[in-house]
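# An overview of the molecular structure
Residue strings, one per chain:
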Amino acid sequence: MGKLVKVKDIVIGEGMPKICVSLIGQTMEQLKEEAALLKTSNVDIIEWRVDFFEHIDSEMVIQALYEIRKVIPDKPLIFTFRSAKEGGERELETASYFALNGAIVETGMADIIDIELLQEEASIKELVEFAHNKKVAVIISNHEFKQTPPKEEIIKRLIKAQSLGADLPKMAVMPKNAEDVITLLDATNTMKKQYANGPIITMAMAGTGSISRMAGELFGSDVTFAAAKKASAPGQIPVDQLKKVLEILHHSL
């Protein structure tokens, strides 16, 4: 077993995959309402998808983060600005993207930040170092919304994310058929057994890929994303249903 990633009371990399649900409110009130709903749910980790939020300037984002934290002080929190090219709601200039993430790290209110693999490499390394110095864990992620790359390419990208300092390399792909899902699961299994030095996150999206969100404990993905009221990505399963499936599989292994 490689290293584990501990955020608050959650240990990523052992036992059942940890369930993450995203906050996708556009307004402060919507975010607080979503956070209150998740406070007592079967969720291990909460992600704030800030690209859905109506305000993107750092001051308003930090204020919203403060309000979210008042509602869920004890839940591990991922801060994610997902760019449109990676399936998100909007774009930011490179400098603004890294400045926003850096400002969030500085607050100490996020446990994990998500950095996109295709961002500027030197800036990724600088932000990773800053985050680690502030005891903030890092996901480095890549999303393919049009296809499933070959197994070797999926592994290559996960290895690159790991080499850039990711505590949690993440890869999401879009399958067109069952063979694509098998490719993703095979790549996950090989990455986990041969190359990973800690937890990894993988998934095949859409309904076709939903099995990948359930079978992480067998194939090697350590976090799975579920839906509460509304999915933040195609193929997410309602959190309570996913929890039951994960428990069934866990007790069968």
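Residues numbered from 1 in each chain as written. Predicted model: local features only at pLDDT ≥ 70, side-chain atom pairs only at ≥ 80, totals over all residues. Heavy atoms only, no water.

All right, on to the packing of aromatic side chains then. Enumeration over the complete set of coordinates arrives at four aromatic pairs. Ring plane angle 65° and centroid distance 5.7 Å describe the contact between Trp48 and Phe53, whose orientation is recorded as edge-to-face. Between Tyr97 and Phe98, the aromatic rings sit 5.2 Å apart at their centres with planes inclined by 80°, giving edge-to-face as the arrangement. Taken individually, Tyr97 and Phe98 each receive the classification buried, so the pair is uniform in this respect. Following the ring pairs from residue to residue traces out a cluster consisting of Trp48, Phe53 and Phe79. For Lys170, the ring lying beneath its charged end belongs to Phe225, and the centroid distance is 4.3 Å. (Phe/Tyr/Trp six-rings, centres within 6.5 Å; stacked < 30°, edge-to-face > 60°. Buried < 20%, exposed > 50% of the residue type's maximum accessible area, 1.4 Å probe, protein only. Lys NZ or Arg CZ within 6 Å of the ring centre and 35° of its normal.)

Side chains Leu77 and Phe79 of strand 5 (residues 77–80) all project onto a buried face; the interleaved residues Ile78 and Thr80 project onto the opposite face, where all are buried too. Bridge analysis of strand 4 (residues 45–49) against strand 5 gives four bridges, and the strand direction is parallel. Bridge assignment links Arg49 to a residue of strand 5, and that residue is Thr80. In this fold, strand 4 hands off to helix 2 (residues 58–71), which returns the chain to strand 5; that crossover is right-handed. The parallel pair strand 5 and strand 6 (residues 112–116) is bridged by helix 3 (residues 94–107), and the resulting crossover is right-handed. (Helix = DSSP H or I, 4+ residues; strand = E, 2+ residues; numbered from the N terminus. Pairing = 2+ DSSP bridges. Right-handed = clockwise from strand over helix to strand, strands pointing away.)

This paragraph deals with the UniProt feature "active site" (unreviewed entry) in the protein chain. UniProt marks His143 and Lys170 with the feature "active site" (unreviewed entry), using the numbering shown here. Spatially, the listed residues are clustered: although they cover 28 residues, their C-alpha atoms lie within 8.4 Å of one another. Positionally, His143 belongs in strand 7 (residues 137–143). The class of His143 is buried, set by a relative accessible area of 9%. Setting aside anything within four residues of it in sequence, one finds His143 in contact with Arg82, Glu86, Lys170 and Ala172. Relative to the elements of secondary structure, Lys170 occurs in strand 8 (residues 168–173). In this structure, Lys170 is in contact with Arg82, Asp114, Ile139, Ile140, Ser141, Asn142, His143, Leu158, Ile201, Met203 and Phe225, ignoring residues within four places of it in sequence. (UniProt positions renumbered as here; feature names shortened; annotations may be inferred. Contact = heavy atoms within 4.5 Å.)

The element strand 6 is extensively covered by neighbouring structure, given that five of its five residues are classed as buried. Side-chain alternation along strand 6 places Ile112, Asp114 and Glu116 on one buried face and Ile113 and Ile115 on a second face that is also buried. Note that strand 5 and strand 6 share three bridges and pair parallel. Bridged to Ile78 within strand 6 is Ile112. As a crossover connection, the stretch from strand 6 through helix 4 (residues 121–133) into strand 7 is right-handed.

This brings us to the UniProt feature "binding site: 3-dehydroquinate" (unreviewed entry) in the protein chain. Residues annotated in UniProt with the feature "binding site: 3-dehydroquinate" (unreviewed entry) correspond here to Ser22, Glu47, Trp48, Arg49, Arg82, Arg213, Ser232 and Gln236. Within the element layout of this structure, Trp48 appears in strand 4. In this structure, Trp48 is in contact with Leu23, Leu31, Phe53, Val61, Ala64, Leu65, Ile68, Leu77, Ile78, Phe79 and Thr80, ignoring residues within four places of it in sequence. With respect to the element layout, Arg213 can be found in helix 7 (residues 210–214). Given the relative accessible area of 2%, Arg213 is considered buried.

Within the secondary structure layout, Glu47 lies in strand 4. Expressed as a C-alpha distance, the spacing of Glu47 and Cys20, which sit 27 residues apart in the sequence, is 6.7 Å. Sequence-distant contacts of Glu47, that is, excluding residues within four places in its chain, are made with Cys20, Val21, Ser22, Leu23, Ile78, Thr80, Arg82 and Phe225. Within the local environment of Glu47, its side chain forms a polar contact with the side chain of Ser22, the two groups lying 2.5 Å apart. (Polar contact = N/O pair within 3.5 Å; in protein donor to acceptor, adjacent residues only side chain to side chain.)

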